[in-house]
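Summary of the model geometry
What follows is each chain in one-letter form.
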Amino acid sequence: MPARRVLITGVGSHLGTLLAARLERDREVETVVGIDTRRPRTELERTELHDADIRDPEIAGLIRAAAPDTVVHNKIVRQPGPGMSSRAMHDINVIGSLQLLGACERVPSIQSIVIRGSAGIYGAEPHAPQFLGEEMTRLFPLRTRFQRDVAEIENYFETFSRRRPQVTCTMLRYQPAIGPSLDTQITRYLSQPACPTYLGFDPRLQLVHEHDALEALLAAIRNPVRGAVNVAGRGTIGLGRMIRMAGRPPLPIAGPLFAPVTEAARRLGMGAYSDDFRRLLRYGRAVDIRRLEQEVGHEPRYSTVAAVQDWLARRSEARAA
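A short tour of the structure in this document, coming up. (Residues numbered from 1 in each chain as written. Predicted model: local features only at pLDDT ≥ 70, side-chain atom pairs only at ≥ 80, totals over all residues. Heavy atoms only, no water.)

**Overview of the sheet that holds strand β11 (residues 227-231)**
- Spatially, seven strands are ordered β3-β2-β1-β4-β5-β6-β11 in an open sheet, and the strand pairing comes out parallel. The open sheet has two free edges, formed respectively by β3 (47-51) and β11, since each of these has just one partner strand. Strand-to-strand twist across the sheet, computed as the mean angle between neighbouring axes with direction ignored, equals 20°.
- Inspection of the sheet shows strand β6 (residues 168-174) paired to β11 by five bridges, in the parallel sense. (Pairing = 2+ DSSP bridges. Helix = DSSP H or I, 4+ residues; strand = E, 2+ residues; numbered from the N terminus. Axes fitted to C-alpha atoms, helices over the stretch in contact; angles between N-to-C directions.)

Listed below in C-alpha cells is the structure:
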C-alpha cells in the first residue's frame, strides 16, 4: 500500500493539531499538510504548514501542489468566537467549504474526504425519536442559521460525491464534545456559578469525549465510508443529573424569559448561548451510532455519563494541583 498523504484544514484548532500530531507518528503516513490562519496549539515536527484561508481561491494551488490522497475538512465553526460575526461564521462554513470542494475538483490524487460536521443538522425537537439515524435529517424544519449552514455544507458534499463517485466523502456528524482540554459551550455552561434551565424541562443530552472525537476522525481516515456517520458516546444523561454531578445549582427560567435572561447574564460576564445550544438545553438530542461502530470501526471508549465523569475528575485534579 502506498504511503498516505493527508491534508487537514483547520489544523490550528485543538482537534486539528492533535490529529496532525497523531498522523505524524503513523508510519503509513508519508506527508501531513496543514492549512489554517492560526498557528497549531503545539509544535508539530513534520507537518507542512500553510497560512491560508479556505475562503481564498488560492488554496486550489496549495492543494494541487500537496497532491493528497485524503483531505480532512476540520474548519466548520460551531459558534462565533470573540470578534467574529455570524456573517463571518457563515462565510467560513459555507463559502470556505465551497472553495475547498472547488479546489478538490481539480486534484486527481484525492481518494477520500472526511468532514468534521455536526449533529446540529438534526436540530433539537420535542417530538424527535429517541435516537436519530443518519437518514432523519428531513424530519423537522431547519430552525437556526447554523442548521441551515450545516445543511448547505452537506448538500455541497453530496453533490460533489455524485459528481466524483471515485472519491469517498464521509460526513461525521459530531454531538457536542466534552473533555479536560476543551473550552466549549457545554464545559462553560457547567462551570458557571449556576446553570440556567428551562422551567419544566429535563432533556436527555448526548456528548462525545474529546478522546473519542479524535479516534473517530482517525478511524474515518483509515476506513472512509460514503455518506453521513453519527459520532457520540453511548447513551445519554439527563440535564438535571449532569448539573448535579457538576455541583452547580440549576436556575429554572420560564421559556419566554430564557433568552432575555441569559442574554443579560452574558453582558454580566456569564457564558453566551447560541440559538442551537438554547434549543439543546430545552429539548435535548440523541443519535444512533451503530454505523460508526459497525462500518467505520470505532467503538467509543467513553459513554456520555463516563465522559462527564472524566471531565469532572480531571477538573478536580487540576484545581487540587
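**Focus: the packing of aromatic side chains**
- Evaluated as defined, the whole model comprises seven aromatic pairs.
- Residues Y198 and F201 carry aromatic rings whose centres are separated by 6.4 Å and whose planes lie at 75° to one another, so their mutual orientation is edge-to-face.
- Classification of Y198 by relative accessible area gives buried; the value is 8%.
- Relative accessible area serves as the criterion here: at 33%, F201 is assigned to the partly exposed category.
- Taking the ring centre of Y174 as reference, the NZ or CZ of R116 above it sits at 5.7 Å. (Phe/Tyr/Trp six-rings, centres within 6.5 Å; stacked < 30°, edge-to-face > 60°. Buried < 20%, exposed > 50% of the residue type's maximum accessible area, 1.4 Å probe, protein only. Lys NZ or Arg CZ within 6 Å of the ring centre and 35° of its normal.)

**As for the environment of S274**
- With respect to the secondary-structure elements, S274 resides in the loop between α8 (255-267) and α9 (275-283).
- With relative accessibility at 14%, the residue S274 sits in the buried group.
- Note: C-alpha distance between S274 and V107 (167 residues apart in sequence) is 37 Å.
- With residues up to four places along the chain from it excluded, the contact list for S274 reads Q79 and Q185. (Contact = heavy atoms within 4.5 Å.)

**Side note on the nonpolar core**
- One finds I8, L19, L23, I63 and I113 to be the most contacted residues of the largest nonpolar core, which totals 71 residues.
- Broken down by element, the residue count for this core peaks at eight residues, all from helix α6 (residues 210-222).
- Excluding residues within four positions of it along the chain, I63 makes contact with L7, I35, P68, L100, A103, V107 and I110.
- Core analysis: the second largest hydrophobic core is formed by 26 residues, Y189, C195, Y198 and Y302 among them. (Core = buried A, V, L, I, M, F, W, Y, C linked by side-chain atoms within 4.5 Å.)

Remember, this is a structural readout, not a statement about activity or role.
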